[in-house]
Each structure stands twice: as structure tokens, then as C-alpha cells.
Amino acid sequence: MPARSAYGLHIRGLDEVAELPATTYPPAGSRPVTVCQRHIAPPPRVPLNGDRMVRQLTDGRTLALDRATGDATFYGPPLAADVLAHPYLAPVAVVVNRWAGRETFHAGAFVHTGRAWVVLGARTAGKSTLLAALADREVPVLADDIVVCDGDEVLAGPRCVDLREPVPGLGLPTREVRDATRLRVTLPAIAPRLPLGGWIFLRWGDGLALTPIGPAELLARLAARRSLPELPSDSAALLTLAGRPGYDLTRPRDWAALDATHRLLDSTLTPAGALR
């Protein structure tokens, strides 16, 4: 029976969710996960260790993960399957992939000339807004919310971007999700993994600028921003990630700047071509 895939996971239990690509066979290197919900009292908290984790999520629900079986169980009020797929699959993906030795970041990624550019920033930095605006300009978006790096490749996330508020001029269709607190933009299918192109750190400012980051500074930032730092990381793998170009993208809090931001990314990352 076909399952679903995202974030390097081969997912059972979310078989009808269109935002997760269907797959008959596990993609190469994927980790099996079975997602379920239980509406009973959760088990006691278990700190992250080598075999199992039970922790409370920010909304009061509890997530239990078993490394050996691949079971991911959510305890609490029921959630719609499309909401389980995004954003609740994210903490599952973080732990399972970190157990597998991969690096994960709270970030999104778009595709530029066949390579994934990772977009990082605080929760209010406008990552999803930028990604939706790029998607509206026919730039492929690889992931929103969580980026998983397997070596020097970036793994695709669910095929959607959730917005806190409408983006003026956005021509893509949206629908309300998460109790009408988000607008979901559906993304087209994409390759399950793409080579890493580089890193873009978002910040707000008065003007628009894309400023290179030195290798030592980039390495320090990536080391600080990796998920679950209590789990070990391969220093050689981090050095490889930091060997790609990095930029600070400064832009004003102005919807009208989205076109100029797109043009700046285009001209800087591919001087002779357009984002594709």
C-alpha cells in the first residue's frame, strides 16, 4: 500500500494527505515513521535519549517517539490529518533525522538553478512570506518550517507553505487551515532531495541588501542553530555545510519590496540568469 514521504521520512498513518507525496517504496535513505493519535492521558515525560522520547509540545499536546519501532504518537485533542502533516510532522522529523545523524534547522528552502538555498531567521523574520512570494514568481520551494540536511543534500518537506496573514498580490490559491489561523499555499511536486546551494539569513532593516558572510562566521551560526544540540554532530559534516556560500538578506517591512527582493536574489545568485 502506498505511503507518504517528506523530510526524509517514509510515513504511514497519513495516507490521504495530499501535501505529502505518495510513494510505493521507501525513498533511498528514508526513515520509517508511523504517525497516530491517542486521546488518553500521555505517558510520563522521557528526556531525549538513544531509544525513546516523550515531551510536551508548546500547545500542551504530548509527542512520544520510539526509535526502534518508528512510532510517533500524539496525545491530546484530535488533529486533522493535514495539520498533522504540517506543522506537527516537523518535531517528528527533527528528532528522527537527528537520531540518524542528519542536521536539521528551523528554516525553509527554495531552489535556484537546481540547488537548494536555505532561508533562516527568527519566527517573525518572514521566512514563509518570502517563500510564498518566490513560489508565486515560479521559484520552486523545497521546504517550509524545517530543513533537513543529509550530507550536502537538502530533503524536501510537505508540499505547502502556511502564512499567518495574506500576502498582498499573491496569485496562488490559498485555503484556511489550523482553525482558520493560517492560510495554506499548496506547492507543486518536487524532487525528494537536492544539492545544497547555500544559506540566507533574514533580517529586517531600512534598505535592501544581500551581504556575504565569512566562512568562520557561517560555521559558528550553523553550529548554534542546529536542532537538538544535545545530540552529537559530525564536525566534518558541519564544515561541509559551512563551505557553501552564506548571505545576510536585509529588507524593509514592506510588501512592495518583495519584487525587488526577488530580483536581488536573482542577480546575486545567478548574475547571468533568472531564478528557476
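Reading guide: rules and limits
- Residues numbered from 1 in each chain as written.
- Predicted model: local features only at pLDDT ≥ 70, side-chain atom pairs only at ≥ 80, totals over all residues.
- Heavy atoms only, no water.
- Helix = DSSP H or I, 4+ residues; strand = E, 2+ residues; numbered from the N terminus.
- Rg over C-alpha atoms; globule rule 2.2 N^0.38 Å.
- Buried < 20%, exposed > 50% of the residue type's maximum accessible area, 1.4 Å probe, protein only.
- Areas by Shrake-Rupley, 256 points an atom, 1.4 Å probe, with all protein chains shown as cover.
- Lys, Arg positive; Asp, Glu negative; His and termini not counted.
- Charge placed at Lys NZ, Arg CZ, Asp CG, Glu CD.
- Arc of directions from axis to C-beta.
- Contact = heavy atoms within 4.5 Å.
- Axes fitted to C-alpha atoms, helices over the stretch in contact; angles between N-to-C directions.
- Parallel < 35°, antiparallel > 145°, perpendicular 65-115°, else oblique.
- Left-handed = near helix turned anticlockwise from the far one by under 90°.

Colleague: Can you help me understand the overall build of the protein chain in this one?
Modeller: Scanning the protein chain from N- to C-terminus turns up five helices and 18 strands. Here the C-alpha atoms of the protein chain give a radius of gyration of 18 Å, agreeing with the 19 Å that 2.2 N^0.38 yields for 276 residues. With the C-alpha coordinates aligned to their principal axes, the bounding extent of the protein chain is approximately 55 × 40 × 35 Å. Sorting the 276 residues of the protein chain into buried and exposed places 50% on the buried side. By element, 54% of the accessible surface of the protein chain is carried by carbon and sulfur atoms, the whole surface being about 12600 Å². Looking at the protein chain, you have 31 positive and 28 negative side-chain charges, and the mean spots of the two groups are 3 Å apart.

Colleague: Would you explain unusual backbone geometry in this entry?
Modeller: Trans peptide bonds make up most of the peptide bonds, and negative phi angles are found at most residues other than glycine. For the bond running from histidine 86 to proline 87, omega is 20°, close enough to zero to count as cis. Structurally, proline 87 is set in helix α1 (residues 81-99). We note that aspartate 179 has phi near 55°; this positive angle belongs to a residue other than glycine. With respect to the element layout, aspartate 179 can be found in the loop between β14 (174-177) and β15 (182-186). Given a relative accessible area of 78%, aspartate 179 falls into the exposed group. Located in the positive-phi region is leucine 228, a residue other than glycine, with phi close to 50°. Residue classification places leucine 228 among the buried positions, given a relative accessible area of 18%.

Colleague: Even after reading the chapter, I still don't get helix α3 (residues 215-225), so can you show me in this structure?
Modeller: One full turn of an α-helix is made of 3.6 residues, so residues set three or four places apart face in the same direction. Those residues of α3 that sit buried are Leu218, Arg221 and Leu222. The arc that holds every buried residue of α3, seen down its axis, measures 95°, which confines them to one face. Exposed and oriented more than 90 degrees from the buried face of α3 are Ala216 and Ala224. Against the buried residues of α3 lie β8 (103-112), β16 (193-204), α4 (235-242) and β18 (246-251).

Colleague: Any chance you could explain the packing of α3 against α4 here in plain terms?
Modeller: In helix packing, the relevant descriptors are the interaxial angle and the interaxial distance, both defined with respect to the helix axes. Packing of α3 against α4 brings their axes to within 9 Å, and their N-to-C directions diverge by 125°. By the criterion of interaxial angle, the relationship of α3 to α4 is oblique. For the pair α3 and α4, the sense of crossing is right-handed. Seen from α3, the contacting residues are Pro215, Leu218, Leu219 and Leu222; seen from α4, they are Leu238, Leu239, Leu241 and Ala242.

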